[in-house]
2 protein chains.
Amino acid sequence: MQAVRICDKRIWVEQASRPRRATGFARIRLRLAGICNTDLELLRGYYGFAGRPGHEFVGVVEEADSAFWVGKRVVGEINLACGSCDWCTSGLGRHCPRRTVLGILRHPGAFAEWLTLPEENLLEVPASLSDEEAVFCEPVAAACEIQEQLGRLRGERVAVLGDGKLGLLIAQVLQLGGAQVHLFGRHAEKMAIAEAVGVRVGGAGEFDVTVDATGSAAGLATAVGMTRARGRVVMKSTVAEPVSLDMAPVIVKEISLVGSRCGRFAPALRLLAGGKIAVRPMIADRFCLGEAERAFARAAERGCLKVLLTP
Amino acid sequence: MQAVRICDKRIWVEQASRPRRATGFARIRLRLAGICNTDLELLRGYYGFAGRPGHEFVGVVEEADSAFWVGKRVVGEINLACGSCDWCTSGLGRHCPRRTVLGILRHPGAFAEWLTLPEENLLEVPASLSDEEAVFCEPVAAACEIQEQLGRLRGERVAVLGDGKLGLLIAQVLQLGGAQVHLFGRHAEKMAIAEAVGVRVGGAGEFDVTVDATGSAAGLATAVGMTRARGRVVMKSTVAEPVSLDMAPVIVKEISLVGSRCGRFAPALRLLAGGKIAVRPMIADRFCLGEAERAFARAAERGCLKVLLTP
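A. Focus on the domain arrangement of chain A. Residue and element names in this part refer to chain A. Considered domain by domain, chain A is made up of domain 1 (2–136 + 279–310) and domain 2 (141–259). Centre-to-centre, using C-alpha coordinates, domain 1 lies 26 Å away from domain 2. Summing both partners gives a buried area of about 1300 Å² for domain 1 against domain 2, and 58% of it is carried by carbon and sulfur. The partner of Arg94 in a salt bridge is Glu145, and the shortest N-O contact between them spans 2.6 Å. Taken together, domain 1 and domain 2 are joined by 4 residue pairs in polar contact (both at pLDDT 80 or more). Per-element accounting of the side of domain 1 that touches domain 2 gives the leading share, 3 residues, to helix 1 (residues 37–44). Within the side of domain 1 that touches domain 2, the residues separate by chemical class into 10 nonpolar, 3 polar and 4 charged.

Pasting the structure below:
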């Protein structure tokens, strides 16, 4: 089968054998995948990554232990957890110290014709959702994670920095959750996507919560400057290099900098099924797997939104 | 009167006029003052400071609007707040955007024979407390601030990094509050001060909360590495230069980095009056105001604990 490979900051497409399914796992045939900024960072050397990337996907189960799953259209949680440690038993398998992570950490990713995942990671995609919507489940879950960590932020003034893929989703999710969201970006046409759900563009004053989704090392200092004393800054940017930050305002204003990663799929899938989040206008381009190198180059273009990969 | 002055990274003692007392203020005659790491950082250029430093003191009120205060031995909250903004009315005047700060921000400090503070900032020192104990009220309040921000941490595993003045106080305060505190430092004889209240020295495994009181730019990365997923790192170090930090583990482990500054005096004074915190073994040396330059040099020596200044 065709599969994408990253090694030593290079990317190519190779012929690989179809993955074998271990007990408890499903073998899934890819229908659609999405390129995330984390994938671009992996190519730049984040994590010293070498292997098959890809963690945003929609597919159909071809084989599984349970007949229930066969033929189902699914998305899947990306953390493969041990299931028995304290983290796992408390429902936080995404922090399991023995976890592997689809396309990121020791589990081959979704940029291939077939992939495998444990059956317990799977969620059926409602019939009303298109592949093009469902493929956003993982980044929407990452946006929802902010609410799991900080609460719904109902009525709070929230600034979201960055009108990239993740920034647009975060702004929409938090606005729909009841926050007063102000989005700061550079592209009026992108910010218009979030304005459709009531997100404000720009704004003055200090914010209760600021989310850095700029993807740049400079975003964090900007976020700290915009946040009120005792406020919270959510770090959503995956940046490969160390960040240099003047900690004096963080300490003087007693700000909390909150690292935030991936989230639960179930609430994200519900939000998508509700049809309230505008994801289709975020699709910028589409390539087949064999054109992965071009697809990654396209996704890395300044201002490019979601690039999809098809088998 | 004699007063200490810092300007352009130099320190000297000058003859200054005795400060005039504005309405609502008390004029206080100094009895004892303490040199804090923040003072050393001010001398190194933190905040671009120029003026009279000093914010840890015990004194006697000589003049005030209210006869109640005259003759009383006092310590004083260091933030001079407007009293009318939202922060002030919610009891958080230490975040008032119009505040000045004793010896740090636009209000002359305590390293002088006389100082002034608003009467509402004053707290009477219980007769049972010596000057040498009461002068620790400000740094003990800074340690208590962690409990105000994070809760009592009862039963939680807490690592405190740094066996300097603040680290020793934080370790004691959190241990007395019910946390299981592990202190990490380099000097067995200093750590023994905290061991007296049950603090453990060193320890393995990950911690729920880690407090960086190393005073070094490298402390934060160490703290992040020692903290469990979803745990909290408290930043108590005042470092003049920007800190370079790999944010990947902060994001992957979803750690919160919590800036923490100064705290309320009342709980600190109660703790000191209870006699449970060992502060006297922390006194390393004592100089008179006229020897301030030597006193600062002594306080800046590696491993030196509290240096006191007398009028």
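B. Molecular detail of the interface of chain B and chain A. Taken together, the 36 residues of chain B in the interface contact 36 residues of chain A. Summing both partners gives a buried area of about 2900 Å² for chain B against chain A, and 57% of it is carried by carbon and sulfur. Where chain B touches chain A, the interface holds 4 salt bridges. B:Arg230 is paired through a salt bridge with A:Glu145; the nearest N and O atoms lie 2.9 Å apart. Where chain B meets chain A, there are 15 residue pairs in polar contact (both at pLDDT 80 or more). Partitioning the side of chain B that touches chain A into residue classes produces 19 nonpolar, 7 polar and 10 charged. One ladder, built from 3 bridges, connects strand 16 (residues 243–245) of chain A with strand 16 (residues 243–245) of chain B; its direction is antiparallel.

C. Molecular detail of the relation of the copies chain B and chain A. Take chain B, turn it by 180 degrees, move it 0.0 Å along the axis, and it overlays chain A with an RMSD of 0.0 Å. Expressed as a symmetry operation, the mapping of one chain copy onto the other fits a two-fold axis. Taking the C-alpha atom as reference, chain B places B:Ser244 closest to the rotation axis, 2.0 Å from it. A high fraction, 100%, of the interface residues of chain B reappear at the interface in chain A, so the copies pair face to face through one surface.

D. Seen up close, the sheet that holds strand 6 (residues 79–80) of chain B. Residue and element names in this part refer to chain B. Overall, mixed pairing links the 3 strands, which are arranged 6-7-8 in an open sheet. Edge positions in the open sheet fall to strand 6 and strand 8 (106–107), since each of these has one partner strand only. Pairing of strand 6 with strand 7 (residues 100–102) involves 2 bridges; the strand directions are antiparallel. Note that in strand 7 the partner of Leu80 across the bridge is Thr100.

E. Layout of helix 6 (residues 188–195) of chain A. Residues and elements named next belong to chain A. Inspection of helix 6 places Lys190, Met191, Ile193 and Ala194 among the buried residues, and these make up the whole buried set. Each buried residue of helix 6 lies within a common arc of 140 degrees when the element is viewed along its axis, so the set occupies one face. Those residues of helix 6 that are exposed and aimed more than 90 degrees away from the buried face are Ala188 and Glu189. Those residues of helix 6 that are buried are in contact with helix 5 (165–176), strand 12 (180–184) and strand 13 (200–201).

F. Geometry of the sheet that holds strand 11 (residues 157–161) of chain A. Ordered by their spatial adjacency, 12 strands build an open sheet running 13(A)-12(A)-11(A)-14(A)-15(A)-17(A)-17(B)-15(B)-14(B)-11(B)-12(B)-13(B), and the pairing between neighbours is mixed. Of all the strands in the sheet, just strand 13 of chain A together with strand 13 (200–201) of chain B have a single pairing partner and so form its edges. Bridge count between strand 14 (residues 207–212) of chain A and strand 15 (residues 227–235) of chain A: 5 bridges; the pairing is parallel. Looking at the pairing, A:Val209 lines up with A:Arg232 of strand 15 of chain A.

G. View of the packing of aromatic side chains. The full count for this structure, using the stated rule, is 6 aromatic pairs over all chains. Their ring planes at 80 degrees and their centres at 4.9 Å tell us that A:Phe68 and A:Trp69 sit as a pair that is edge-to-face. Judged by relative accessible area, which is 12%, A:Trp69 ranks as buried. Centre to centre, the rings of B:Phe184 and B:Phe207 are 5.8 Å apart; their planes meet at 85 degrees, and the pair counts as edge-to-face. In this pair, B:Phe184 is assigned in strand 12 (residues 180–184) and B:Phe207 in strand 14 (residues 207–212), connecting sequence segments 23 residues apart. Taking the relative accessible area as the measure of exposure, B:Phe184 reaches 22% and is therefore partly exposed. The ring of B:Phe207 has B:Arg157 sitting right over it, with the charged end atom 4.3 Å from the ring centre.

Rules behind the numbers
- Residues numbered from 1 in each chain as written.
- Chains lettered and ligands numbered in written order.
- Predicted model: local features only at pLDDT ≥ 70, side-chain atom pairs only at ≥ 80, totals over all residues.
- Heavy atoms only, no water.
- Domains from an automatic or database assignment.
- Buried area = accessible area lost by both parts, 1.4 Å probe.
- Salt bridge = Lys/Arg side-chain N within 4 Å of Asp/Glu carboxyl O.
- Polar contact = N/O pair within 3.5 Å; in protein donor to acceptor, adjacent residues only side chain to side chain.
- Helix = DSSP H or I, 4+ residues; strand = E, 2+ residues; numbered from the N terminus.
- Nonpolar A, V, L, I, M, F, W, Y, C, P; charged D, E, K, R; others polar.
- Contact = heavy atoms within 4.5 Å.
- Pairing = 2+ DSSP bridges.
- Least-squares fit on C-alpha atoms with pLDDT ≥ 70 in both.
- Buried < 20%, exposed > 50% of the residue type's maximum accessible area, 1.4 Å probe, protein only.
- Arc of directions from axis to C-beta.
- Phe/Tyr/Trp six-rings, centres within 6.5 Å; stacked < 30°, edge-to-face > 60°.
- Lys NZ or Arg CZ within 6 Å of the ring centre and 35° of its normal.

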